[in-house]
Amino acid sequence: MKEDTIVAAATPPGQAGAVGIVRMSGPRAKKIAEEVFCAVDLDFKKIEPYRMYLGKINTKNFLDRAFCVYCKAPKSYTGEDVIEFHLHGGITIVKGVIRELTERGARPADAGEFTKRAYLNGKMNLSEAEGIADMINAESEAEIMAAYRLMSGEVSQTISEAASDILEAASNLEAYLDYPEELEEQVFEPSKKALKSALLKLRTALKNSENRRYITDGINIALAGLTNVGKSSLMNVLLKDERAIVTDIPGTTRDVLKESFMLDGIKVNILDTAGIRESTDTVERIGVEKAKKAIDSADIVLFVMDASLPITKEEESLYSLISQKKHIRIENKGDIIKYPRIKDITIEAKTGKNVDKLISLILEKTDAKTALSSSILTRERHIYAVKEAEKSLQSAIKNFDSTTPDCTLVDIKDAYSSLLKITGEDVSESIVDKIFSTFCVGK
Ligand SMILES: Nc1nc2c(ncn2[C@@H]2O[C@H](COP(=O)(O)OP(=O)(O)OP(=O)(O)O)[C@@H](O)[C@H]2O)c(=O)[nH]1
Ligand SMILES: [Mg+2]
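Given the structure is predicted, the values throughout are model-derived calculations rather than measurements. (Residues numbered from 1 in each chain as written. Chains lettered and ligands numbered in written order. Predicted model: local features only at pLDDT ≥ 70, side-chain atom pairs only at ≥ 80, totals over all residues.)

**Student:** Would you mind going over the overall build of the protein chain with me for this structure?
**Tutor:** Per the secondary structure count, the protein chain includes 16 helices and 13 strands. Here the C-alpha radius of gyration of the protein chain, 30 Å, is well above what a compact globule of 443 residues would show, namely 22 Å. Expressed as a percentage of the 443 residues in the protein chain, the buried residues total 42%. Across the protein chain, contacts joining residues at least 24 apart in sequence account for 65% of those joining residues at least 6 apart. (Helix = DSSP H or I, 4+ residues; strand = E, 2+ residues; numbered from the N terminus. Rg over C-alpha atoms; globule rule 2.2 N^0.38 Å. Buried ≥ 20, exposed ≤ 12 C-beta atoms within 10 Å, placed from the backbone. Contact = placed C-beta atoms within 7 Å.)

So this is what it looks like as structure tokens:
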């Protein structure tokens, strides 16, 4: 209930940090704070909002020296009166203060309840609230950036631009239904145009989101080639670490090695694989099978060739397998080229020469930069809603000329309400509850 005053630790539980923050929100927050906190040289009634006051917090069993901040409704995170105590970070202190505040009338907050109140009080829309959860859970800088765009409303902006096109078409057709004789010619064309413009915006958003996996899971790169061409050497220079064993013995790598590194904030997972060749050795044969699977699952394959040796049938047939996939042809051993290859780039895996250019090529070919630079839909809930809106719009446009405006309006309204689900203007309470239940307590 909104009239409740809620309390929770805002800093992570279960560990002693330098500072432990306890946050309280609701109509009684200030009153309860007044009962337990004595500011140095100042009557609590005189404290001003948005300032930090040093003082003493009293619980039944102990005292702590703490800071207190008061954020006055509606200018606070939740839109309600909010009090924060910055205590010493021991878990027992934090728990003791929470107990004291609950005994004085606050109730322990549910998961995500502060942010849910912010949403219910109009401080943010639903997708912006989801952006906050994504900020906290982000594991890579690319994820932080995508979450920031969601949190700060960039994503809902794109959606609301499409929604306003849809609304324009809807109001045109509604007007036509009211005044059919006067309006026919004027409204049909602009309405169709507005619907097409909305569809284009949604399709662009969906297209940009195809690479969202790069942000959440990273780019999967497989190194492939015959034995001894320099795959493991390349893995090591990319990782800047002697991770894989490198020898001049063909068949050195027998298993698939998986390692990750960060590239401009994006997680890159590289799979070094066994060099592909016919082998009678059981272990190596299994390695080769695994290599083929790794090639299959990769977003991009780096096909490494040894330019000091002639082209063989095996190399050609392996390339024909890889050429079906997104790939880069790498001519390796640039220092001892004898048999030049058709290639996208020449490198020296042993010394790292040209590997920076290879990295740029990988980012370019995978389109990972677009995923980073545009506001993309990362949440399945949003993608589903946009796809639903796309379907309804398609139907509205397709049947526009052959059906009556009130039938078209049904599709248009469906499209509009699908989009409103994203910002939370047209969602059921159970969906809202489900979304906030995935937040941590205290957020
Ligand atoms: N001259 C020269 N030698 C290189 C270069 N890159 C790798 N090598 C050498 O090639 C040999 C094989 O390198 P690896 O990285 O083990 O090759 P690989 O493709 O992983 O081989 P397998 O695991 O057996 O399939 C080693 O002796 C490396 O030092 C290069 O750019 N120039
Ligand atoms: Mg190897």
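**Student:** Looking at this structure, how should I read the sheet that holds strand β8 (residues 219-225)?
**Tutor:** Strand order in the open sheet formed by 6 strands is β9-β10-β8-β11-β12-β13, and the pairing between neighbours is mixed. On the outer flanks of this sheet lie β9 (257-263) and β13 (345-346), each paired with one strand and no other. In the sheet, β8 pairs with strand β10 (residues 266-272) via 5 bridges, with the strands oriented parallel. Looking at β10, one finds that Ile 221 is bridged to Ile 270. Each of β8, β9, β10 and β11 (300-306) touches helix α9 (residues 231-239); the most contacted strand, β10, lies at about 160° to it. (Pairing = 2+ DSSP bridges. Axes fitted to C-alpha atoms, helices over the stretch in contact; angles between N-to-C directions.)

**Student:** I would appreciate a short explanation of the domain arrangement of the protein chain in the present structure.
**Tutor:** Many structure descriptions define interface size as the accessible area lost when the parts assemble. Each domain of the protein chain was delimited in the assignment, giving domain 1 (6-124), domain 2 (129-210 + 379-424) and domain 3 (218-371). Centre-to-centre, using C-alpha coordinates, domain 1 lies 55 Å away from domain 3. (Domains from an automatic or database assignment.)

**Student:** I keep staring at the packing of helix α4 (residues 126-137) against helix α5 (residues 141-151) and nothing clicks. Help me out?
**Tutor:** Helices that pack against each other are described as a pair by the angle of their axes relative to one another and the distance between those axes. Two elements in contact, α4 and α5, have axes separated by 7 Å at closest approach and are oriented at 155°. Taken together, the axes of α4 and α5 are roughly antiparallel relative to one another. Helix-helix and strand crossings are classified by hand; for α4 and α5 the assignment is left-handed. Contacts between α4 and α5 pair Ser 127, Glu 128, Glu 130, Gly 131, Ile 132, Asp 134 and Met 135 from the former with Ile 144, Ala 147, Tyr 148, Leu 150 and Met 151 from the latter. (Parallel < 35°, antiparallel > 145°, perpendicular 65-115°, else oblique. Left-handed = near helix turned anticlockwise from the far one by under 90°.)

**Student:** Before we go on, may I ask you to explain the site of ligand 1 in this structure?
**Tutor:** For ligand 1, the set of nearby residues contains 24 residues, the closest of which are Gly 230, Ser 232, Ser 233, Thr 253 and Gly 275. Per-element tally for the shell around ligand 1: the top contributor is α9, with 3 residues. The residue makeup of the shell around ligand 1, split by class, is 6 nonpolar, 12 polar and 6 charged. (Near = placed C-beta within 6 Å. Nonpolar A, V, L, I, M, F, W, Y, C, P; charged D, E, K, R; others polar.)

**Student:** Quick question: what am I supposed to make of the pairing of β10 here?
**Tutor:** As a general feature of sheets, a regular strand has side chains that alternate between the two faces. With respect to burial, β10 is a largely interior element, 6 of its 7 residues being buried. The pairing of β9 with β10 spans 7 bridges and is classified as antiparallel. Paired with Lys 258 across the bridge in β10 is Leu 271. Linking β9 to β10, which pair antiparallel, is a turn of 2 residues; within it Asp 264 sits at a positive phi near 45°.

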